[in-house]
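Listed below are the residues making up each chain.
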Amino acid sequence: MNEGAEGSRESRSQGIVADFSDALSHRPELLFFVALLVIFNAPILAGSCFHSMVFLPQAVQRGEWWRLLFHPFVHVTWYHLLLDGTAFLALYYSLIEASVVRRSMYVLGGGVGSVLVSWAAAPAISSGGLCGLSGIAHGLMAVSALELVAVNAPGSPERRIGQVGFFLVVGKAALEALSGRMFFTFLHFGLMGALVAVSHAGGIIGSLLAMLVLKPWRSLRAGAAEELLSGACQQKMRGQQPV
């Protein structure tokens with residue numbers, strides 16, 4: 001029985017390694033994102049955060065431009081990092097878009113939209129600052145939902161899931177922006193820092209604008225279908241490889 005249990009654990013470990021390797025082969029930039037998360041959240045181990053990377057308008061105006069680039073990867077607690085980091089990496093990996101440039105621009109667009117809308121509509125960030133990946137994650141969720149709508153046939157379950165997902169994430173962000181309050185704050189346990197309610201709406205606006213500019217709807221449908229076909233062919237080839 002011990003040998004069987006050890007063999008089962010070894011098989012699961014090999015499966016996890018294989019899945020991780022497969023993820024990196026399809027999305028090699030994930031390693032770069034993970035590295036940024038590790039670097040900019042190392043101070044959490046000491047009960048602190050990377051304050052010099054948090055977005056503060058007055059600091060950026062003084063010339064600390066790096067805060068604009070890296071503030072999304074900074075988190076104030078391990079819980080904040082767990083929620084934002086997991087959602088961001090999972091949503092990024094789920095994107096159907098084949099081009100790494102376009103995928104990266106969706107991330108950049110979400111980050112720019114989140115910070116600009118927060119800067120304009122939430123003066124409190126002048127003192128509390130802005131950091132975290134939740135704005136970008138909401139943007140990627142909206143993009144991923146539209147990809148499902150674009151690539152699947154009318155009436156299909158996948159297309160309906162995309163439609164429902166899109167309206168849910170956009171509706172949630174809109175209500176948060178209008179009310180000034182985040183949803184599900186009872187699950188934050190005081191471990192999320194100062195919340196900026198409009199940041200999610202900004203992330204969605206930025207990512208969708210990037211998607212609209214880089215990939216109009218018709219080409220999105222063609223590109224998504226091509227990516228799905230390519231992925232299916234690769235899986236079939238791997239399945240035909242001798243064991």
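Residues numbered from 1 in each chain as written. Predicted model: local features only at pLDDT ≥ 70, side-chain atom pairs only at ≥ 80, totals over all residues. Heavy atoms only, no water.

A. Looking closely at the environment of Gly203. Among the structural elements, Gly203 can be located in helix H10 (residues 199–214). Note: C-alpha distance between Gly203 and Gly113 (90 residues apart in sequence) is 5.0 Å. (Helix = DSSP H or I, 4+ residues; strand = E, 2+ residues; numbered from the N terminus.)

B. Broad picture of the pattern of salt bridges. By the definition in use, this model includes 5 salt bridges. With a shortest N-O distance of 3.8 Å, Glu64 and Arg62 are connected by a salt bridge. You can call Glu64 buried: its relative accessible area is 19%. Between Arg67 and Glu64 there is a salt bridge, with the nearest N and O atoms lying 2.6 Å from each other. Across the pair, Glu64 and Arg67 agree in class, each one buried. By sharing partners, the salt bridges in this structure join Arg62, Glu64 and Arg67 into a single network. (Salt bridge = Lys/Arg side-chain N within 4 Å of Asp/Glu carboxyl O. Buried < 20%, exposed > 50% of the residue type's maximum accessible area, 1.4 Å probe, protein only.)

C. Representation of the nonpolar core within the structure. Core analysis: the biggest nonpolar cluster contains 31 residues, and Phe33, Phe73, Phe88, Tyr92, Tyr106, Val107 and Leu140 have the highest contact counts within it. Counting residues per element, this core draws most heavily on helix H8 (residues 134–151), which supplies 7 residues. Ignoring any residue separated from it by four or fewer positions in sequence, one finds Leu140 in contact with Phe88, Leu91, Tyr92, Leu95, Tyr106, Val107 and Ser207. With 8 residues, the next largest nonpolar core counts Phe55, Ala122, Leu130 and Val198 among its residues. (Core = buried A, V, L, I, M, F, W, Y, C linked by side-chain atoms within 4.5 Å. Contact = heavy atoms within 4.5 Å.)

D. Region of the structure containing helix H6 (residues 100–121). In this model H6 runs 31 Å from its N-terminal to its C-terminal C-alpha over 22 residues, within 8% of the 32 Å that 1.5 Å per residue would give. Buried residues of H6: Arg103, Tyr106, Val107, Gly109, Gly110, Gly111, Gly113, Ser114, Val115 and Ser118, and no others. Backbone nitrogen of Val101 and a side-chain oxygen of the N-cap are separated by 3.3 Å at the start of H6; the cap is Ser99. (Expected span 1.5 Å × (residues − 1). Polar contact = N/O pair within 3.5 Å; in protein donor to acceptor, adjacent residues only side chain to side chain.)

E. How the structure looks around the packing of helix H5 (residues 78–94) against H8. Two elements in contact, H5 and H8, have axes whose closest approach is 9 Å; the angle formed by their N-to-C orientations is 30 degrees. Judged on the interaxial angle alone, H8 and H5 are roughly parallel. With respect to the hand of their crossing, H5 and H8 are arranged in left-handed fashion. Packed against H5, whose contacting residues are Asp84, Ala87, Phe88, Leu91, Tyr92 and Ser94, the element H8 presents Ser134, Ile136, Ala137, Leu140, Met141, Ser144 and Glu147 at the interface. A breakdown of the residues in the contact of H5 with H8 according to their chemical character gives 8 nonpolar, 3 polar and 2 charged. (Axes fitted to C-alpha atoms, helices over the stretch in contact; angles between N-to-C directions. Parallel < 35°, antiparallel > 145°, perpendicular 65-115°, else oblique. Left-handed = near helix turned anticlockwise from the far one by under 90°. Nonpolar A, V, L, I, M, F, W, Y, C, P; charged D, E, K, R; others polar.)

On their own, these measurements won't tell you what the molecule is for.
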